[in-house]
Amino acid sequence: MSKSYEDYERDYQSYLSRIRSFLASTRSQSTLLECERLLAEARECVTAMQAMAEVEGNAFKTQEAQNLLRRDLVPLQEEVARSRRSGGNAPEEVNREDLFYRPPMGLDQVSTTQSLMQSSEDLLRESQSLVANSENIGMST
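Everything numeric in this text was worked out from a predicted model, so none of it was measured.

A. Main features of the overall build of the protein chain. Within the protein chain, the regular secondary structure consists of four helices and zero strands. With 141 residues in all, the protein chain has 23% of them scored as buried. Counting contacts in the protein chain only where the partners sit at least 6 residues apart, residues at least 24 apart contribute 69% of the total.

B. Up close: the side chain of Lys61. Looking at the element boundaries, Lys61 is found in helix H3 (residues 59-85). Taking the relative accessible area as the measure of exposure, Lys61 reaches 19% and is therefore buried. Beyond its immediate stretch of four places on either side in the chain, Lys61 contacts Tyr5, Glu6, Ala53 and Glu56.

C. Region of interest: the nonpolar core. Counting 20 residues, the largest nonpolar core has Tyr12, Ile19, Leu23 and Leu73 as the members making the most contacts within it. At the level of elements, helix H1 (5-24), helix H2 (29-56) and H3 are the ones that each hand at least two residues to this core. Contact partners of Tyr12, with chain neighbours within four places excluded, come to Ala42, Cys45, Val46, Met49, Leu68, Asp72 and Leu73.

D. Local environment of the pattern of salt bridges. In the structure shown here, the tally under the stated rule is 11 salt bridges. Ionic pairing is found between Asp72 and Arg71, a salt bridge with its closest N-O pair at 3.3 Å. Residue classification places Arg71 among the partly exposed positions, given a relative accessible area of 29%. Connected via shared salt-bridge partners are Arg18, Glu34 and Arg37.

E. Highlighting the packing of aromatic side chains. Counted under the stated rule, the structure contains zero aromatic pairs. Above the face of the Tyr5 ring, Lys61 is positioned so that its terminal group lies 4.5 Å from the ring centre.

What counts, and at which threshold
- Residues numbered from 1 in each chain as written.
- Predicted model: local features only at pLDDT ≥ 70, side-chain atom pairs only at ≥ 80, totals over all residues.
- Heavy atoms only, no water.
- Helix = DSSP H or I, 4+ residues; strand = E, 2+ residues; numbered from the N terminus.
- Buried < 20%, exposed > 50% of the residue type's maximum accessible area, 1.4 Å probe, protein only.
- Contact = heavy atoms within 4.5 Å.
- Core = buried A, V, L, I, M, F, W, Y, C linked by side-chain atoms within 4.5 Å.
- Salt bridge = Lys/Arg side-chain N within 4 Å of Asp/Glu carboxyl O.
- Phe/Tyr/Trp six-rings, centres within 6.5 Å; stacked < 30°, edge-to-face > 60°.
- Lys NZ or Arg CZ within 6 Å of the ring centre and 35° of its normal.

Dropping the structure here:
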C-alpha cells in the first residue's frame, strides 16, 4: 500500500522532532551522524510530499512542501554541519533559537494577521448572535 501525503507529513514531523531532540542534547559525532541520516529521510519525505501535491494539482500543498525545506531543513542542516565542524561539542553561545524558524513580520503579514483576526472576531459575533436567536426561538416554543 502506498503512503499518503499525510503519512509522509507525519513521518517528516517525527524525523524533525528526533533531530531537534538530538541537537538540544549533548552533541557527539554519533548523534550528529544520526541527525544527518534523519535529515536525509526528512528530505525524502518532503520530496514525496511535493511530488504528490504536484500530481494532485494542489498548489497550496506544493508551496507548503517547498517552504518546509527552506523553513525547517536548511537551518537544521546548517546547525548539524556547524556542529560537525566544531567536533561535535557545541559552544555554549550557540543560539538554539536558530533551530526554530520564525518568519520575519512584514507589512503584508501584519495586515494579513490583522485581517484574519478581524474575520475571526466577526465569525464569533455572528455565532453568538445565532446562538441567542436559537435560544429565543427555543424559549418561545
